[in-house]
Amino acid sequence: MASYVVVGTQWGDEGKGKIIDVLAHKADYVVRFQGGNNAGHTVVVDGEKFVLHLLPSGMLHGNGKCVIGPGVVIDPKVLLHELSTLEAKGAKVDHLFISDRAHLIMPYHVKLDIVKEEARGNNKIGTTKRGIGPCYADKIARCGIRAVDLLDMETFGKKLKINLDEKNELFTKIYNTEAMSYDEIMADFTEYSNLLKHRIADFIPEINEALDSGKIVMFEGAQAMMLDINFGTYPYVTSSSPTAGGVTTGVGVAPSKIDRVIGVMKAYTTRVGEGPFITELNDETGEKLRAIGSEFGATTGRPRRCGWLDGVVGKYAVIINGLTDVVVTKIDVLSGMDELKICVGYEIDGKVLTTIPAAIEMTEKAVPVYETLPGWSEDITGMREYDELPENCKKYVARMEEIIGCEITMISVGPDRTQNIFRKEF
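Let me begin by describing the structure that accompanies this report. (Residues numbered from 1 in each chain as written. Predicted model: local features only at pLDDT ≥ 70, side-chain atom pairs only at ≥ 80, totals over all residues. Heavy atoms only, no water.)

Looking at the pairing of strand S11 (residues 260–266)
- Burial runs high along S11: seven of the seven residues are buried.
- With burial as the criterion, each face of S11 is covered, one bearing Arg-260, Ile-262, Val-264 and Lys-266 and the other bearing Val-261, Gly-263 and Met-265.
- In this sheet, strand S15 (residues 325–329) lies alongside S11 in parallel orientation, the contact comprising five bridges. By the bridge assignment, Gly-263 is partnered in S15 with Val-326. (Buried < 20%, exposed > 50% of the residue type's maximum accessible area, 1.4 Å probe, protein only. Helix = DSSP H or I, 4+ residues; strand = E, 2+ residues; numbered from the N terminus. Pairing = 2+ DSSP bridges.)

Quick notes on helix H7 (residues 204–212)
- Those residues of H7 that sit buried are Ile-207, Asn-208, Ala-210 and Leu-211. Buried residues of H7 fall within an arc of 155 degrees about the axis and therefore sit on the same side. The exposed residues of H7 that point more than 90 degrees off its buried face are Glu-209 and Asp-212.
- Contact partners of the buried residues in H7: strand S1 (3–8), strand S2 (29–32), strand S5 (65–68), strand S10 (217–220) and helix H8 (245–251). (Arc of directions from axis to C-beta. Contact = heavy atoms within 4.5 Å.)

Overview of the pattern of salt bridges
- Applying the stated criterion across every chain, the model contains 26 salt bridges.
- For Asp-149, the salt bridge identified is with Lys-159, shortest N-O distance 2.9 Å. Highlighted residues: Asp-149 in the loop between helix H4 (132–140) and helix H5 (153–174) and Lys-159 in helix H5, separated in sequence by 10 residues.
- We classify Lys-159 as partly exposed; its relative accessible area is 30%.
- Two residues, Arg-399 and Glu-402, come together in a salt bridge whose shortest N-O distance is 2.8 Å. Taken together, the positions of Arg-399 and Glu-402, both in helix H12 (residues 391–404) and three residues apart, correspond to about one turn of that helix.
- Taking the relative accessible area as the measure of exposure, Arg-399 reaches 23% and is therefore partly exposed.
- Take Glu-402: its relative accessible area is 56%, and that puts it in the exposed class.
- A single network of salt bridges, built from pairs that share partners, joins Asp-13, Lys-266, Glu-295, Arg-304 and Lys-330. (Salt bridge = Lys/Arg side-chain N within 4 Å of Asp/Glu carboxyl O.)

What about a negative patch on the surface?
- On the surface, a cluster of negative charge is contributed by Asp-183, Glu-184, Asp-188 and Glu-191.
- With respect to the secondary-structure elements, Asp-183 resides in helix H6 (residues 182–196).
- The exposed category is assigned to Asp-183, whose relative accessible area is 58%. (Patch = residues over 30% accessible without salt bridge, like charges linked within 9 Å, V, L, I, M, F, W, Y side chains within 5 Å. Areas by Shrake-Rupley, 256 points an atom, 1.4 Å probe, with all protein chains shown as cover. Lys, Arg positive; Asp, Glu negative; His and termini not counted. Charge placed at Lys NZ, Arg CZ, Asp CG, Glu CD.)

Looking at the sheet that holds strand S9 (residues 200–201)
- The sheet built from 10 strands is open, its strands ordered S9-S7-S5-S2-S10-S1-S11-S15-S19-S20 with mixed pairing. Single-partner strands in this sheet number two, and they are S9 and strand S20 (420–422).
- Set on the sheet, H12 makes contact with S11, S15 and strand S19 (408–412); between it and S19 the angle comes to about 135 degrees. (Axes fitted to C-alpha atoms, helices over the stretch in contact; angles between N-to-C directions.)

Describing the nonpolar core
- If you look at the biggest cluster of nonpolar residues, it comprises 54 residues, and the most contacted ones within it are Val-5, Ile-207, Phe-219, Ile-331, Leu-334, Tyr-396 and Ile-411.
- Here the element with the most residues in this core is H12; it accounts for six residues.
- Apart from residues lying up to four places away in sequence, Leu-334 is in contact with Ala-267, Tyr-268, Leu-289, Leu-340, Trp-376 and Tyr-396.
- The next biggest cluster of nonpolar side chains, apart from the first, holds 53 residues, and it includes Val-6, Tyr-108, Phe-189 and Val-327. (Core = buried A, V, L, I, M, F, W, Y, C linked by side-chain atoms within 4.5 Å.)

As for the environment of Leu-289
- Mapped onto the elements, Leu-289 comes out in helix H9 (residues 284–292).
- For Leu-289 and Ile-229, which are 60 residues apart along the polypeptide, the C-alpha to C-alpha distance reads 28 Å.
- Those residues within four positions of Leu-289 in sequence are excluded, and the remaining contacts are Tyr-268, Leu-281, Ser-294, Glu-295, Cys-306, Gly-307, Val-333, Leu-334 and Met-337.

Re the packing of aromatic side chains
- Enumeration according to the criterion identifies five aromatic pairs in this entry.
- Ring geometry for Phe-156 and Phe-189: centres 5.4 Å apart, planes at 25 degrees, overall stacked. Of this pair, Phe-156 sits in helix H5 while Phe-189 is found in helix H6, placing the two residues 33 residues apart along the sequence.
- Since its relative accessible area comes to 0%, Phe-156 is described here as buried.
- With a relative accessible area of 2%, Phe-189 lands in the buried category. (Phe/Tyr/Trp six-rings, centres within 6.5 Å; stacked < 30°, edge-to-face > 60°.)

Now the structure itself:
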């Protein structure tokens, strides 16, 4: 296979960063196709933890090119900070490149994100306040500023003036806050231009040529299926498409060039922020999952909401993404539990559904329909072969496969890049 897509199948935080890192050592290219620095991918190498927000998770191998694609929104200040942090740790960073079509998160996007979320009061969405939504909004409104504009600061300045005049009207007249300075933003972005312009280019031809010649290209998403702008728990979603379809629009490659779609699925379910979460456990079990699984957001540090595995969401992810493989993560966290539950349906107004309702009002009143399976007590973090796993663990994996309708080809049994069981070659 020449091309892989790695996507999240739940609400994010499934461990995509680790899986991409594990698979990226073979890749000639690792391409991020959507999202911004509202996402965090954690990679553990020899016990040292790296948290990446904008940089593709393949950065730590340093083998192939890492590209931030057209579908990503970039905060240059954050990107430069990440690069300098990696460089300080001795990591290679000269293989990172930026699509000239990627949109830039401007300071007014961040400020607008903050004031709008505060104005929502009890109706807040749970945004990370990083400016991602307002940046995507400007992109769709056709007034965004792109990486290519950093190559011509005269053009950049003209676009900044038009945008800032409009945003300052909102800040002063609608949100009763201070206007932002054109000169300060222009000075900062002139510096960003000098530091980043050697990385900016059109990578659409190069990536397509690499695919056509049989090179290995890995496409990496942020967030996950249930945060997709089209298919997630709208409006409690992100502003882009983290599904496999996002690769086509977020990189510029045809669907026919995608060979393998790998969905990363946590053995239980977590969610950060607002919105319905049908299998959520607001009890001792939920606290136990959070504590053992270290369930705190890589970007915000917020405690994640924890619950049992949602098989309805898993099946939905397989269908929407066309998954060829599922990688299960954090199954080691379930060791020591007497029994485990998997949600196989939603009861809404006396009717059981096995699909995801579009209306958030329906989802909010859904009650999970569970199957109960026996747990296991053994520590599985040192196991590397499937046959070594406890019988009840294997039964749990087998039932997951049946419910979601996809083969589980890799099982992660710990955070380090070496703690994996492979059931099929990647």
